[in-house]
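Report on the structure
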Amino acid sequence: MELERLLRTQGFGSRSECRALISSGRVFIDGECCDDPYADFEPEGFAFVVDGVSWRYREHAYIALNKPANVECSHKPRFHPSVYTLLPRPLVTRGVQAVGRLDEDTTGLLLMSDDGQFIHKCTSPKKNVPKVYAVTTKHAIDDAQIDALLNGVLLNDDPAAIAAAACERISEHLLHLTVTEGKYHQVKRMVAAAGNRVEALHRVSIGNFTLPVTLKPGEWAWLTAEDLEGLATGNT
């Protein structure tokens, strides 16, 4: 694949932008500057450096981001910065999208990808992908609330009760709640229906993939093949 086209597939801009990027000596391969837009390379395993930043060819982008508070999962945010401002331009240009959304005040694991099938598998209600949230509550958590969440609570706009897939009390004001659906403000509304109130909400994991402790708020990382396998096995 010609270098110019290869860079376009990775989100480095239009044909003319990639050609200019290469011709101006800003692209390095194996430590050597390559200023020929038409130089041919095999995409699989191809590594390159643009403006001092190392990249590797990926047919699709799969990343995990530790979403901080006061960031909106939208390209057109209303009140806070967009989560896309936390990503380098090539990822945004190639069309990476949030895999589901987190409320602006919710923190934690947010998957992002430009693979439509992957996004569908992770967000479709039929796939029953478990999502674990660390829920900090206003009031002390009692056994009756745990039972209500496990047995099912009624939400205002849903005629059927919704039950948590799992619910574990970690401390007096902290529980880990697992859900497999993605209704609007679902966790907050479930906890409210059980007689408590959410003070802070943090997504810990999706499927069998847990947010790495080394990933600080606002940071992102590529998902590995092992990570993707964990997400796949999380589907039931």
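Residues numbered from 1 in each chain as written. Predicted model: local features only at pLDDT ≥ 70, side-chain atom pairs only at ≥ 80, totals over all residues. Heavy atoms only, no water.

**Things to note about the sheet that holds strand β3 (residues 47-50)**
One open sheet holds the four strands; their spatial order is β2-β1-β3-β4, and the pairing between them is antiparallel. The two strands at the open ends of the sheet, each matched to only one other strand, are β2 (32-33) and β4 (53-56). Across two bridges, strand β1 (residues 27-29) lies against β3 in antiparallel orientation. Each residue of the ladder has a partner; that of Val27, found in β3, is Val50. (Pairing = 2+ DSSP bridges. Helix = DSSP H or I, 4+ residues; strand = E, 2+ residues; numbered from the N terminus.)

**Regarding the state of the cysteines**
Scanning the entire structure with this criterion turns up zero disulfides. Just so you know, Cys18 is unpaired, no disulfide at all, and the nearest cysteine sulfur is the one on Cys34, 13 Å from it. Of all cysteine sulfurs in the structure, the one in Cys122 sits closest to Cys73, which takes part in no disulfide; the separation is 15 Å. Take Cys73: its relative accessible area is 6%, and that puts it in the buried class. (Disulfide = S-S within 2.5 Å. Buried < 20%, exposed > 50% of the residue type's maximum accessible area, 1.4 Å probe, protein only.)

**Remarks on the pattern of salt bridges**
Evaluated as defined, the whole model comprises nine salt bridges. Between Arg15 and Glu4 there is a salt bridge, with the nearest N and O atoms lying 3.6 Å from each other. Here Arg15 is found in helix α2 (residues 15-23), whereas its partner Glu4 is found in helix α1 (residues 3-9), with eleven residues between them in sequence. For Arg15, a relative accessible area of 47% translates into the label partly exposed. A salt bridge links Arg197 to Glu199; its shortest N-O distance comes to 3.6 Å. Arg197 gets classed as partly exposed once you look at its relative accessible area, which sits at 48%. Look at Glu199 and you get partly exposed, because its relative accessible area is 47%. It is possible to trace a salt-bridge network through shared partners that takes in Glu4, Arg15 and Arg19. (Salt bridge = Lys/Arg side-chain N within 4 Å of Asp/Glu carboxyl O.)

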